[in-house]
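Okay, here's what each chain looks like letter by letter:
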Amino acid sequence: MFLKFNRLWKESPLKSSYDAVIIGGGLHSLAAAYFLASRHNIRDVAVIEKKFIGCGAAGRNTAIVRANQRTQENIPLYKEALDLWPILTKELDFNLMFYNCGNLNLAHSDAAMKAFRMNVATAQFHGVNSQLVDARQCKELVPALDITDRPRFPIFGGMFHPPGGIVRHDAVVWGLARGGAKLGVHIHQGTEVTGIGVKNGKVAWVDTDKGRIQTTKVLNAAGAYSAGIAFKCLGQRLPISVLTIQAMVTQPLKPLLHHVVSSGAYHAYANQTLKGEIATGAHMDPWPNYTNQSTAHYIKHQAEAIGEMLPCLRGVKFMRIWGGLADMTPDMAPILDGNVPVEGYYMDCGWGYFGFKSSTVAGKYMAQYVATGECPEMLKPFRLKRFEEHRLMGETAALVDYTANN
Amino acid sequence: MAFLITCPLCGPRDAYEFRFGGEDKGPRPDPETLSPEAWCDYVHMADSRFGVQKEWWYHRRGCGTWFTIYRDTVKNIEVSSNDREADQ
Ligand SMILES: Cc1cc2nc3c(=O)[nH]c(=O)nc-3n(C[C@H](O)[C@H](O)[C@H](O)COP(=O)(O)OP(=O)(O)OC[C@H]3O[C@@H](n4cnc5c(N)ncnc54)[C@H](O)[C@@H]3O)c2cc1C
Ligand SMILES: [Zn+2]
């Protein structure tokens, strides 16, 4: 009855030196390790994970993928990420369950429609399928929407992005881990990075609670923990606020929602999983912390928002709620950089709540950066120095600010 | 993850009454001697430390006072300033 199954990757003893050490066992780390091994033949790589792989935001996100961002620097990155899902599904021989059901983003004012018009034009310029739709078309796409003027925020129209959708996040973790391990990557779970050793301005070792590892290259890709690790290990300060973001699912329902639907005004998004649950999220408590706590406050908020957006869901029960961390930057764009503040140190962080959809492409280019020491063209706009140069990216129209004036 | 914050005037109140005002970064830098690096550090950069930090809060839905507290970012609870010394 019970089939014997093999482990997806094998445990290896912690060696005293590696060509490269990657901090964290989330998607960005595992992707970088996989691409280092598969594209650059750097296989003597250790992925160091404090608890178990996928325990962080990698296994807590709502798995939405899309490439209809706002700026010319960001769109090509996310477009390549979207194109990578079918390629990696084949290459890793692992069903990542890419479900390109499309994303519908609702506008609740003329101003929001105008903003979408620019987003759509930018996406189309970069070859990404994104369309402006009116309220009637929204209703055709999602019949459960109320397009009368009854709701708190009436629907003026929307932005529809057919190639986006959902990917199974755990499958990506397991597929990348198995793929990397097959090529020789060591995955060390239950091992915490406690320090980074620097000699003559260069990375010389990484300290863990299981011992010291000699290495000249370290990639900090520990998701929302990256900022705290950078400060603790190197005294490096980053323009990052680590906030808890929450999500929840309802009881399973018959198929009724065939696209991801989101609304900035309600501050909520929802999609129906293949099991039938409505997965919904978005709320962040606006004070930095490192907990995964969830709140009753948010259940109430979400019930109100979803009940207005999709009135047929009123009275449906929430089954589970959970939280995870998001490392927010002031311009909603990530920080991808190398050799600051010391040679051999690389960072891939500041992804906020966009780090799932980007994980594979970030891993691919960070692997190239670590392997060659040269920053790939694709990553140049994302360097840390942009904050000092006042060249923040326009992913949001207004600066993200968690202080008291907004 | 609501928790209590102690306003110096109103006492312990629900955190949702307050607005977080950022890590305490000391006095605003002197504009006379300011470099782009120092300004960026003051405006954007944060320690994001694991553990106790000194930080600003504003009693927005209350008396309107600005004040600092110490909070443990790993547990998300307010602590007394003595705990900070113990943490370092
Ligand atoms: C509720 C929620 C919903 C989200 N929804 C979406 C979405 O729909 N679409 C999207 O694109 N993104 C989404 N995100 C964001 C996305 O999940 C993250 O940006 C992304 O997963 C972060 O990268 P990661 O997987 O590499 O990080 P993580 O999975 O967080 O990996 C970091 C790892 O580092 C480990 N670690 C920490 N400290 C140490 C140490 N000292 N030593 C060793 N290891 C350490 C942690 O245990 C953890 O496993 C969401 C996030 C959350 C929380
Ligand atoms: Zn008060």
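Rules used throughout
- Residues numbered from 1 in each chain as written.
- Chains lettered and ligands numbered in written order.
- Predicted model: local features only at pLDDT ≥ 70, side-chain atom pairs only at ≥ 80, totals over all residues.
- Heavy atoms only, no water.
- Helix = DSSP H or I, 4+ residues; strand = E, 2+ residues; numbered from the N terminus.
- Buried < 20%, exposed > 50% of the residue type's maximum accessible area, 1.4 Å probe, protein only.
- Contact = heavy atoms within 4.5 Å.
- Areas by Shrake-Rupley, 256 points an atom, 1.4 Å probe, with all protein chains shown as cover.
- Near = heavy atom within 4 Å.
- Polar contact = N/O pair within 3.5 Å; in protein donor to acceptor, adjacent residues only side chain to side chain.
- Domains from an automatic or database assignment.
- Donors = N, O, S within 2.8 Å, 3.2 Å for Na, K, Ca; no water.
- Tetrahedral: all angles 85-135°; square planar, octahedral: opposite > 155°, others 65-115°.
- Pairing = 2+ DSSP bridges.
- Axes fitted to C-alpha atoms, helices over the stretch in contact; angles between N-to-C directions.
- Parallel < 35°, antiparallel > 145°, perpendicular 65-115°, else oblique.
- Nonpolar A, V, L, I, M, F, W, Y, C, P; charged D, E, K, R; others polar.

## Quick look at the overall build of chain B
And then number 1: Each helix and strand in chain B was counted, giving two helices and six strands.
And then number 2: Going from the N terminus to the C terminus, chain B shows its helices and strands as β-β-β-α-β-β-β-α.
And then number 3: In chain B, which comprises 88 residues, the proportion classed as buried is 42%.
And then number 4: In chain B, once contacts between residues fewer than 6 apart in sequence are set aside, the share between residues at least 24 apart is 48%.
And then number 5: Split by element, the accessible area of chain B, about 4800 Å² in all, is 50% carbon and sulfur.

## Concerning the site of ligand 1
Residue and element names in this part refer to chain A.
And then number 1: With respect to spatial proximity, 36 residues lie near ligand 1, and among them L27, E49, A58, Y353 and K357 are the closest.
And then number 2: Between ligand 1 and E49 there is a distance of 2.6 Å, counted from an oxygen atom to a side-chain nitrogen or oxygen.
And then number 3: V193 is positioned with one of its backbone polar atoms (N or O) 2.9 Å from a nitrogen atom of ligand 1.
And then number 4: Considering ligand 1 on its own, with 1000 Å² of exposed area, one finds that the protein chains cover 97% of that surface.
And then number 5: Those elements giving two or more residues to the shell around ligand 1 turn out to be α1 (27-40) and β17 (318-328).
And then number 6: Counting residues domain by domain, the shell around ligand 1 receives three or more from each of domain 1 (20-61 + 169-239 + 331-387) and domain 2 (103-162 + 241-328).

## Things to note about the coordination of the zinc ion (ligand 2)
And then number 1: Surrounding the zinc ion (ligand 2) are the protein donor atoms C7 of chain B (SG), C10 of chain B (SG), H59 of chain B (ND1) and C63 of chain B (SG), at 2.0 to 2.3 Å.
And then number 2: In this structure, the zinc ion (ligand 2) is surrounded by four donor atoms whose angles at the metal cover 105 to 119 degrees, and the resulting shape is tetrahedral.

## Re the environment of C375 of chain A
All names here are of chain A.
And then number 1: Along the chain, the position of C375 falls in the segment after α8 (359-372).
And then number 2: The spatial distance from the C-alpha of C375 to the C-alpha of N339 is 9.9 Å, given a sequence separation of 36 residues.
And then number 3: The residues touching C375, leaving out its near neighbours within four places in the chain, are Y369 and K380.

## Considerations on the sheet that holds strand β10 (residues 202-208) of chain A
Residue and element names in this part refer to chain A.
And then number 1: Ordered by their spatial adjacency, three strands build an open sheet running β9-β10-β11, and the pairing between neighbours is antiparallel. Unpaired on one side and paired on the other, β9 (193-199) and β11 (211-214) mark the two borders of the sheet. Averaged over all neighbouring strand pairs, the angle between strand axes comes to 25 degrees, with direction disregarded.
And then number 2: Inspection of the sheet shows β9 paired to β10 by six bridges, in the antiparallel sense. Each residue of the ladder has a partner; that of V193, found in β10, is T208.

## Some words on the pairing of strand β5 (residues 66-72) of chain B
All names here are of chain B.
And then number 1: With five of seven residues buried, β5 is to be regarded as a mostly interior element.
And then number 2: When strand β4 (residues 52-58) meets β5, the two strands line up antiparallel, connected through seven bridges. Residue W57 lies in a different strand from β5, and its bridge partner there is F67.
And then number 3: Two elements, β5 and strand β6 (residues 77-79), share three bridges in a ladder whose sense is antiparallel. Within the sheet, the bridge partner assigned to D72 lies in β6 and is I77.
And then number 4: The antiparallel pairing of β5 with β6 creates a hairpin that spans four residues between the two strands, and N76 there sits at a positive phi of about 55 degrees.

## Description of helix α6 (residues 226-234) of chain A
All names here are of chain A.
And then number 1: Of the residues making up α6, those classed as buried are S226, A227, G228, I229, A230 and C233.
And then number 2: In the core, the buried residues of α6 are packed alongside β1 (20-23), β9, β12 (218-220) and β19 (345-349).
And then number 3: Immediately downstream of α6, the backbone of G235 shows phi near 70 degrees, a positive value.

## Some words on the packing of helix α2 (residues 74-92) of chain A against α8 of chain A
Residues and elements named next belong to chain A.
And then number 1: Contact geometry for α2 and α8: axes closest at 7 Å, N-to-C directions at 100 degrees. Classed by the angle they form, the pair α2 and α8 counts as roughly perpendicular. Here α2 contributes L77, E80, A81, L84, W85 and L88 to the contact with α8, which in turn contributes S359, T360, V361, K364 and Y365.
And then number 2: Here the residues of the contact of α2 with α8 sort into seven nonpolar, two polar and two charged.

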